[in-house]
Amino acid sequence: METVKCLIIGSGPAGFTAAIYAARADLKPVLYEGYQPGGQLTITTEVENFPGYPEGVSGPQLMQDLRNQALRFKADIRPGTIEEVDFSKRPFRVVTENKTEILAETVIVATGASANWLGLESEKKFNGQGVSACATCDGFFYKGQDVAVVGGGDTAAEEASYLTNLCNKVYMIVRRDELRASKVMQERVLSNPKIEMLWHHVTQEILGDDSGVTGVLLKNVQTGEDRKIDVTGFFVAIGHTPNTALFKGQLELHPNGYIKTEPGSTRTSVPGVFAAGDVQDLHFRQGIVAAGTGCMAAMEAERFLKDSEQ
Ligand code: NDP
């Protein structure tokens, strides 16, 4: 059975940064890319706040750059997912999707978080046919058309702004009378003449036919009134859930599912297992923060291996 010094699970900014640092520390890291190679940034719009890109960069390009940097130091990047972990004793046993068993002296968990959905049948039915969780990926298909974005956070605000570059009109469906988004993003959407805010509205049903989405049936939760809007695209931007199902019962988790780490560290409840990026970040959820914690995890794994040799 293969034994590795440092196994990294996940390929977002945290995973790749951990791989860069671990490779340069000669830990010969093996990284499994997971369900969504490159992570959430591969389905995001222009990234303008990642240091080192003064003109901004597209999410997929940023991830390609990080991946290439890890490859340059000979990180062993593999497609596929980890399906099972046993953190009860070291070396830790993990099983890949094709049932290959690997023993790992340290593990860095960087599995990130995934987009939430409203949970409507019609949302599932029209997924890929008008329903999307990624404006950058799919916005192009709605050029010159009317679309809706549901959510009031930074993601929803960014997606709505982005869509105004392509679409005729963008509705923002917000369940309260205020946005959760940062002030700068609030100002951006509230001052954009192409965006119509639908405060106090929730989605009852996504309407459509064989051609895809044709509209959305909403309810005003304040007045109880129904309202139908005609749109061909419906973008869901209502937050994320950490990808921690694999670690339940193995690592201590917060009640909302995020992995618990020691303050100022990436150490989890199991010595030798470290967590980096959005999977353990309830507060910031930024690419650069994920990258920073990926660096910390690799350095802590290196220190852990040195200490356990003594
Ligand atoms: P948030 O959790 O911040 O916002 C989720 C939004 O969706 C809220 O407005 C919430 O409403 C709404 N919502 C949640 N569930 C439902 C539902 N079932 N029906 C209708 N509306 C719903 O998530 P984001 O993804 O927007 O942001 C996550 C983090 O990432 C934040 O910290 C954000 O600042 C950050 N971020 C930063 C960016 C940047 O700086 N460039 C870009 C994108 C994200 P309510 O407010 O009523 O709970």
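Residue positions are counted from 1 within each chain, in the order its sequence is given. Reporting of local features is limited, given that this is a predicted model, to residues whose pLDDT is at least 70; pairs of side-chain atoms are given and counted only at 80 or more, and all residues count toward the totals for whole chains, interfaces and linings. Excluding hydrogens and water, the side-chain figures rest on all heavy atoms present in the structure.

S.K.: Run through the packing of helix 1 (residues 13–24) against helix 7 (residues 287–309), naming residues and quoting values.
M.R.: Helix-helix packing: each pair is described by the crossing angle between the helix axes and the interaxial distance. One can describe the packing of helix 1 onto helix 7 by two numbers: an axis separation of 7 Å at closest approach and a directional angle of 35 degrees. As helix 1 runs across helix 7, the sense of the crossing is right-handed. Only G287, A290, A291, G294, C295, A298 and M299 of helix 7 make contact with helix 1, whose side of the interface consists of P13, A14, T17, A18, Y21 and A22. When residues are grouped by polarity, Ala, Val, Leu, Ile, Met, Phe, Trp, Tyr, Cys and Pro land in nonpolar, Asp, Glu, Lys and Arg in charged, and all others, Gly among them, in polar. For the contact of helix 1 with helix 7, the per-class residue count stands at 10 nonpolar, 3 polar and no charged. Angular values range over 0 to 180 degrees, each being the angle between N-to-C directions of two axes fitted as lines to C-alpha atoms, with helices fitted over their stretch in contact. The helix count covers DSSP runs of H or I at least four residues long, the strand count covers runs of E at least two residues long, and both are numbered beginning at the N terminus. Two helices that cross are described as forming a left-handed crossing if the nearer one is turned anticlockwise from the farther one by less than a right angle, and a right-handed crossing if clockwise. Should any heavy atoms of two residues lie within 4.5 Å, those residues are counted as being in contact.

S.K.: A description of the site of the ligand should follow, citing residues and the corresponding values.
M.R.: Nearness is defined per residue: one heavy atom within 4 Å of the molecule or strand is enough. If you check the shell around the ligand, you find 18 residues, and the closest are D154, T155, E158, R176 and R180. In this structure, G152 approaches the ligand through a main-chain N or O atom, which is 2.9 Å from an oxygen atom. A 3.5 Å cut-off defines polar contacts: any pair of N or O atoms within that distance qualifies, except that in protein one atom must be a possible hydrogen donor and the other a possible acceptor, and neighbouring residues in sequence count only when both atoms are side-chain atoms. For the ligand, an oxygen atom lies 2.6 Å from a polar atom in the side chain of T155. Surface accessibility in these figures is a Shrake-Rupley result with a 1.4 Å probe; residues are shielded only by whichever protein chains are displayed. With the chains in place, 76% of the 910 Å² that the ligand exposes on its own is no longer accessible. Of all the elements, helix 5 (residues 154–164) adds the most residues to the shell around the ligand, at 3 residues. Taken together, the residues of the shell around the ligand break down into 3 nonpolar, 9 polar and 6 charged. Boundaries between domains were set according to an automatic or database domain assignment. Here the shell around the ligand spans two domains, and each of domain 1 (2–114 + 240–309) and domain 2 (117–236) adds at least three residues to it.

S.K.: Can you tell me about helix 7, naming the residues and giving the values?
M.R.: Relative to the 33 Å expected for 23 residues at 1.5 Å per residue, helix 7 spans 33 Å between its end C-alpha atoms, a close match to the ideal helical length. Only protein chains enter the accessibility calculation, which uses a 1.4 Å probe. A residue is then buried if its area is under 20% of the maximum for its type, exposed if over 50%, and partly exposed in between. Among the residues making up helix 7, those that are buried are G287, A290, A291, T293, G294, C295, A297, A298, E300, A301, F304 and L305. As for helix 7, its buried residues are in contact with strand 1 (2–9), helix 1, strand 8 (101–109) and strand 19 (273–275). Multiplying 1.5 Å by the residue count of a helix minus one yields the expected span of that helix.

S.K.: Could you give an account of the sheet that holds strand 15 (residues 212–220), with specific residues and numbers?
M.R.: Strand order in the open sheet formed by 3 strands is 14-15-16, with antiparallel pairing between adjacent strands. What marks the edges here is a single partner per strand, and that holds for strand 14 (201–209) and strand 16 (226–229). Strand-to-strand twist across the sheet, computed as the mean angle between neighbouring axes with direction ignored, equals 25 degrees. Bridge count between strand 14 and strand 15: 8 bridges; the pairing is antiparallel. Bridging from a neighbouring strand, E205 pairs with L217 of strand 15. We treat two strands as partners when DSSP finds at least two bridges between them.

S.K.: How would you explain the sheet that holds strand 17 (residues 233–236) if you had to name every residue and give the values?
M.R.: As summarised here, the arrangement of the 5 strands in space is 10-17-11-12-13, forming an open sheet in which the pairing is parallel. Bordering the open sheet on either side are strand 10 (131–132) and strand 13 (195–198), each of which pairs with just one other strand. Note that strand 12 (residues 169–173) and strand 13 share 4 bridges and pair parallel. Residue pairing in the sheet places Y171 in a bridge with E196 of strand 13.

S.K.: Can you explain the domain arrangement of the protein? Please cite residues and give values.
M.R.: Partitioning the protein into domains gives domain 1 (2–114 + 240–309) and domain 2 (117–236). Placing a centre on the C-alpha atoms of domain 1 and another on those of domain 2 gives a separation of 32 Å. At the interface, 4 residues of domain 1 touch 6 residues of domain 2. With both chains or domains summed, domain 1 and domain 2 bury close to 450 Å², and 56% of this area falls on carbon and sulfur atoms. When a carboxyl oxygen of Asp or Glu is within 4 Å of a side-chain nitrogen of Lys or Arg, the pair counts as a salt bridge. The interface formed by domain 1 and domain 2 holds 0 salt bridges in total. Tallied by class, the residues present in the side of domain 1 that touches domain 2 amount to 1 nonpolar, 3 polar and no charged. Accessible-area loss on putting two parts together, using a 1.4 Å probe and summing over both, is the definition of buried area adopted here.

S.K.: Tell me about the pattern of salt bridges, and name the residues and values.
M.R.: Charged atoms that come close allow side chains of opposite charge to pair. Inspection of every chain in the model, using the stated rule, returns 16 salt bridges. Among the salt bridges present, the one from R93 reaches E84, with a minimum N-O distance of 3.2 Å. In this structure, K306 engages E302 in a salt bridge whose closest nitrogen and oxygen atoms are separated by 3.6 Å. Taken together, the residues span about one helical turn, with K306 and E302 both in helix 7 at a distance of 4 residues. Residue classification places K306 among the partly exposed residues on the basis of a relative accessible area of 47%. Residues joined by salt bridges that share partners form a network here, namely E2, D76 and R78.

S.K.: Please provide a residue-by-residue account of the side chain of E123, values included.
M.R.: Counting through the fold element by element, E123 comes out in helix 3 (residues 121–125). Charge counting treats Lys and Arg as positive and Asp and Glu as negative, with His and both chain ends excluded. The buried charged residue E123 lacks any salt bridge, with K124 as its nearest oppositely charged partner at 7.7 Å. Separated by 2.8 Å, the side chain of E123 and the backbone nitrogen of L118 make a polar contact. Dropping the residues within four chain positions of it, E123 is found in contact with W117, L118, V131, I206 and V236.

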